Amino acid sequence: MARRAAIGGVFAALAMIFSYVESLIPFHFGVPGIKLGLANLVIVTGLYLLRIPDLCLVALIRIVVSGLLFGNIYSLIYSLAGGACSLLIMLLLKKTGKFSVYSISIAGGVFHNLGQIAAAAAVTRIPVLLYYLPVLMGAGMITGALIGVIASRVLKIFFHSSKQFLH
Amino acid sequence: MKKRKEADPFRINRYDIILTAALAAAAVICVILFAGFHDTSEGAFVRITVDAEEYGIYELSQPVQIRIETDRGNNLIQIRDHQVTMLEADCPDGYCIRKGPISRIGDTIVCLPHRVVAEILSADGHADEFDVIAQ
């Protein structure tokens, strides 16, 4: 139990550091909500290394704390919706046992952006935000693929050297 | 690892390709739905909406600056040369300013933090299919 809490804490801390690093880099693609999503690297990796409740908790802590630190209440709501959609779809796809980390990460990226824009359109009652859907989906695929490739590198190292460290 | 039939997480398989193609197809369908059947000639009016309420409809032929001050923040929208530009906004991200001038039917400038939207309308007052949804 203490081990699980410690490892969960390490993952949450790492995700928050990534959020912080990303908040320092001025990424502007001209569309609100497009980010590299470095913190998702921790979530995608955690998909294979953590138990499901622990992973959900890590994702929740990461979004709430980094939202409060680097965003505002609205960006927090949008991130929560995006993070929940993304995590849910990735857990489901992983559960099927048919997909590799790459396409799981791509679907996670797309659904993160879908959840985010849906929440923003609903909260602000600005339906024209849905015009951003195609751009956000395309961006989610690209960032998801990048994160998937990096996650595969990290996971290979874990699987080869230190899997017993986690269990 | 445990079960034999589980796919190798590091090898791209046919399910990956199907899933990725389906997502790409969904994005392309969105593009076609939103842009494909939609008049993109120069518009005649701009509708400004603040917090989901109509703020006003302005003619693109009449140069004017519209200052919008709300609890959320301030925006300055300019109409000039048949184009609409977000000149000033004290929102944290500034996407609305960087968007630049718009003039074609259905084009929008969205200042999400302030919930200010400028949307170009045609001469008969239509912008897009979301009009129907928004009613």
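Residues numbered from 1 in each chain as written. Chains lettered and ligands numbered in written order. Predicted model: local features only at pLDDT ≥ 70, side-chain atom pairs only at ≥ 80, totals over all residues.

Another aspect to go through is the overall build of chain B. When its secondary structure is counted, chain B shows 3 helices and 7 strands. The N-to-C order of helical and strand elements in chain B reads α-β-β-β-β-β-α-β-β-α. (Helix = DSSP H or I, 4+ residues; strand = E, 2+ residues; numbered from the N terminus.)

A few words now on the overall build of chain A. Helices and strands together make up the secondary structure of chain A, namely 6 helices and 0 strands. For 167 residues, the compact-globule formula gives about 15 Å, and the C-alpha radius of gyration of chain A, at 15 Å, lands near that figure. If one aligns the C-alpha atoms of chain A with their principal axes, the spans along those axes are about 50 × 35 × 25 Å. Expressed as a percentage of its 167 residues, the buried residues of chain A come to 49%. For chain A, the proportion of contacts with a sequence separation of at least 24, taken over those separated by at least 6, is 73%. (Rg over C-alpha atoms; globule rule 2.2 N^0.38 Å. Buried ≥ 20, exposed ≤ 12 C-beta atoms within 10 Å, placed from the backbone. Contact = placed C-beta atoms within 7 Å.)

Of the residues lining the interface, 35 residues belong to chain B; the matching set on chain A comes to 30 residues. Looking at the side of chain B that touches chain A, the elements that each hand over two or more residues are α1 (14-36), α2 (95-98), β6 (108-111), β7 (116-121) and α3 (130-134) of chain B. A class-by-class count of the residues in the side of chain B that touches chain A yields 21 nonpolar, 3 polar and 11 charged. (Nonpolar A, V, L, I, M, F, W, Y, C, P; charged D, E, K, R; others polar.)

In this section: the pairing of strand β4 (residues 74-80) of chain B. Residues and elements named next belong to chain B. Burial along β4 is one-sided: the residues Asn75, Ile77 and Ile79 are buried and none of Asn74, Leu76, Gln78 and Arg80 is. Where strand β3 (residues 64-69) and β4 come together, 6 bridges link them in antiparallel fashion. For arginine 67, the partnering residue across the bridge sits in β4 and is leucine 76. The hairpin formed by β3 and β4 contains 4 residues between the paired strands, and glycine 73 there has a positive phi angle of roughly 155°. Relative to strand β5 (residues 83-89), β4 runs antiparallel, the two sharing 6 bridges. (Pairing = 2+ DSSP bridges.)

All names here are of chain B. By the alternation rule, side chains of β6 split into Thr108 and Val110 and Ile109 and Cys111, which are all buried. Bridge count for β6 against β7 is 4 bridges, and the pairing is antiparallel. Across the sheet, the residue bridging to cysteine 111 is valine 116, located in β7. Here β6 hands over to β7 after 4 residues, with arginine 115 in that stretch at a positive phi of 55°.

The next subject is the sheet that holds β3 of chain B. Residues and elements named next belong to chain B. Ordered in space as β3-β4-β5, the 3 strands form an open sheet in which the pairing is antiparallel. With partners counted over all chains shown, the strands left at the sheet margins are β3 and β5, one partner each. On average, each strand axis in the sheet is inclined to that of its neighbour by 20°, with strand direction left out of account. (Axes fitted to C-alpha atoms, helices over the stretch in contact; angles between N-to-C directions.)

The next thing to look at is the nonpolar core. Counting 76 residues, the largest nonpolar core has Ala107 and Leu129 of chain A together with Val46 and Val110 of chain B as its most contacted members. The element best represented in this core is helix α5 (residues 101-124) of chain A, accounting for 12 residues. Excluding residues within four positions of it along the chain, leucine 129 of chain A makes contact with Ile117, Ala120 and Ala121 of chain A together with Val110 of chain B. (Core = buried A, V, L, I, M, F, W, Y, C linked by C-beta atoms within 7 Å.)

Below, the discussion takes up unusual backbone geometry. Positive phi outside glycine occurs at arginine 125 of chain A, with the angle close to 50°. Within the fold, arginine 125 of chain A resides in the loop between α5 and α6 (133-161). In this structure arginine 125 of chain A comes out as partly exposed when scored by C-beta crowding, with 13 C-beta atoms within 10 Å. At aspartate 81 of chain B, a position not held by glycine, the phi torsion is positive, near 50°. Topologically, aspartate 81 of chain B is positioned in the loop between β4 and β5.

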